[in-house]
Amino acid sequence: GESVGLHLPTLSVQEGDNSIINCAYSNSASDYFIWYKQESGKGPQFIIDIRSNMDKRQGQRVTVLLNKTVKHLSLQIAATQPGDSAVYFCAENTHAGGTSYGKLTFGQGTILTVHP
Amino acid sequence: SAVISQKPSRDICQRGTSLTIQCQVDSQVTMMFWYRQQPGQSLTLIATANQGSEATYESGFVIDKFPISRPNLTFSTLTVSNMSPEDSSIYLCSVVWGDRGGVIYEQYFGPGTRLTVT
């Protein structure tokens, strides 16, 4: 399949290491954030989300951290596996008022490569 | 979660022609959206597909170029009209799943339609 990450930042890790992918957002009104994983030739896959009233949320092998002061979001993947290799996008949304549901603003993306 | 399918999965089209992309969801959803992903870039929202009314377009996108239909709560189409090579992109359907009040809310994407215009 074609790659959609030809011009994106890259992160290379060894299998078993922990990975940290960072994202800066610009809209201080954003109150909902999502991380997506996109494998070659596929659509974005929902990984984890977090609301602005939280600063940390954990899933299976993944943790999202939100720092609203500096408008920074990170995705931590524990014990990274070759199957985690993909492009990772952060996305932000504003739910307040209910008029912007679904209207995501995406970050530029990061290519994660996991070496066996 | 919602399962989203798109047709066609990919196509190669000649400039000046139009292509209609279909999006089918396996359950009724309130909100459906169309996004574009240009080569090597991130996703950009084209429009919100409103059931029973005209779509709502984002800045830079117009109905004449990207007409959208949404006849029911499980189906939508996006047409890319009078295509040029600059329209070569992945076009993705997206739905919001869950309680709009925010108790349960996730947003899913279809597999995308890879369009190449020659």
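We now turn to the structure provided with this report. (Residues numbered from 1 in each chain as written. Chains lettered and ligands numbered in written order. Predicted model: local features only at pLDDT ≥ 70, side-chain atom pairs only at ≥ 80, totals over all residues. Heavy atoms only, no water.)

### Focus: the nonpolar core
Side chains of nonpolar character tend, in soluble globular proteins, to be buried together. With 49 residues, the main nonpolar core has Phe106(A), Trp34(B) and Tyr35(B) as its most contacted residues. With six residues, strand E9 (residues 89-98) of chain B is the single largest residue contributor to this core. What Phe106(A) contacts, discounting residues up to four positions off in sequence, is Tyr36(A), Phe89(A), Cys90(A), Ala91(A), Tyr35(B), Ser42(B), Leu43(B) and Phe109(B). Counting residues in hydrophobic clusters, the runner-up holds 19 residues, among them Phe33(A), Ile48(A), Val64(A) and Leu73(A). (Core = buried A, V, L, I, M, F, W, Y, C linked by side-chain atoms within 4.5 Å. Buried < 20%, exposed > 50% of the residue type's maximum accessible area, 1.4 Å probe, protein only. Helix = DSSP H or I, 4+ residues; strand = E, 2+ residues; numbered from the N terminus. Contact = heavy atoms within 4.5 Å.)

### Topic: the side chain of Ser76(B)
Residues and elements named next belong to chain B. If you trace the backbone, Ser76 turns up in strand E8 (residues 75-80). Residue class for Ser76 comes out buried when judged on its relative accessible area of 0%. Polar contacts involving the side chain of Ser76 include one to the side chain of Trp34, which spans 3.0 Å. Among the polar contacts made by the side chain of Ser76, one reaches the main-chain carbonyl oxygen of Ser69 at a distance of 2.8 Å. In contact with Ser76, not counting residues within four places along its chain, are Ile21, Gln22, Cys23, Met32, Trp34, Ala49, Ile68, Ser69 and Arg70. (Polar contact = N/O pair within 3.5 Å; in protein donor to acceptor, adjacent residues only side chain to side chain.)

### Things to note about the sheet that holds strand E5 (residues 56-58) of chain A
Residue and element names in this part refer to chain A. As summarised here, the arrangement of the four strands in space is E2-E7-E6-E5, forming an open sheet in which the pairing is antiparallel. Where the open sheet ends on each side, the last strands, each with one partner, are strand E2 (19-24) and E5. Strand-to-strand, the axes of this sheet are offset by a mean angle of 15°, without reference to chain direction. Judged from the three bridges that link them, E5 and strand E6 (residues 62-67) form a sheet pairing that is antiparallel. Paired with Gln58 across the strands is Thr63, a residue of E6. (Pairing = 2+ DSSP bridges. Axes fitted to C-alpha atoms, helices over the stretch in contact; angles between N-to-C directions.)

### Observations concerning the sheet that holds strand E1 (residues 4-7) of chain B
All names here are of chain B. The antiparallel open sheet is built from four strands, whose spatial order is E1-E3-E8-E7. Each having just a single partner strand, E1 and strand E7 (68-72) make up the two edges of the open sheet. Mean inter-strand twist for the sheet, computed between neighbouring axes without regard to direction, equals 15°. Pairing between E1 and strand E3 (residues 19-25): four bridges, direction antiparallel. From the neighbouring strand, Gln6 faces E3, where its bridge partner is Cys23.

### Quick word on the interface of chain B and chain A
The interface is formed by 25 residues belonging to chain B together with 27 residues belonging to chain A. Both sides together, the interface formed by chain B and chain A hides about 2,100 Å², and carbon and sulfur atoms give 53% of it. Applying the counting rule to chain B against chain A returns one salt bridge. Ionic pairing is found between Lys103(A) and Glu58(B), a salt bridge with its closest N-O pair at 3.8 Å. (Buried area = accessible area lost by both parts, 1.4 Å probe. Salt bridge = Lys/Arg side-chain N within 4 Å of Asp/Glu carboxyl O.)

### With respect to the state of the cysteines
As enumerated under the stated definition, the model contains two disulfides over all chains in all. In this model Cys23(A) forms its disulfide with Cys90(A); the gap between the sulfur atoms is 1.7 Å. Of this pair, Cys23(A) sits in strand E2 while Cys90(A) is found in strand E8 (residues 86-93), placing the two residues 67 residues apart along the sequence. Overall, Cys90(A) belongs to the buried group, its relative accessible area being 6%. What pairs with Cys23(B) in a disulfide is Cys93(B), and their sulfur atoms sit 2.0 Å apart. Taking the sign of the S-S torsion, -65° for the link of Cys23(B) and Cys93(B), the bridge is left-handed. With Cys23(B) in strand E3 and Cys93(B) in strand E9, the pair connects residues that are 70 residues apart, well separated along the chain. Take Cys23(B): its relative accessible area is 0%, and that puts it in the buried class. With no disulfide of its own, Cys13(B) has Cys23(B) as its nearest cysteine by sulfur position, at a separation of 18 Å. (Disulfide = S-S within 2.5 Å.)

### What about the side chain of Ser74(A)?
In this fold, Ser74(A) is placed in strand E7 (residues 72-77). Ser74(A) gets classed as buried once you look at its relative accessible area, which sits at 5%.

### A closer look at unusual backbone geometry
A cis amide bond links Lys7(B) with the next residue in sequence, Pro8(B), at an omega value of -10°. Phi at Arg61(A) takes a positive value of approximately 65°, unusual for a residue other than glycine. Looking at the secondary structure, you find Arg61(A) in the loop between E5 and E6. In the Ramachandran plot, Asn82(B) falls in the positive-phi region, its phi being about 45° despite a non-glycine side chain.

Distances and angles like these do not, on their own, reveal function.
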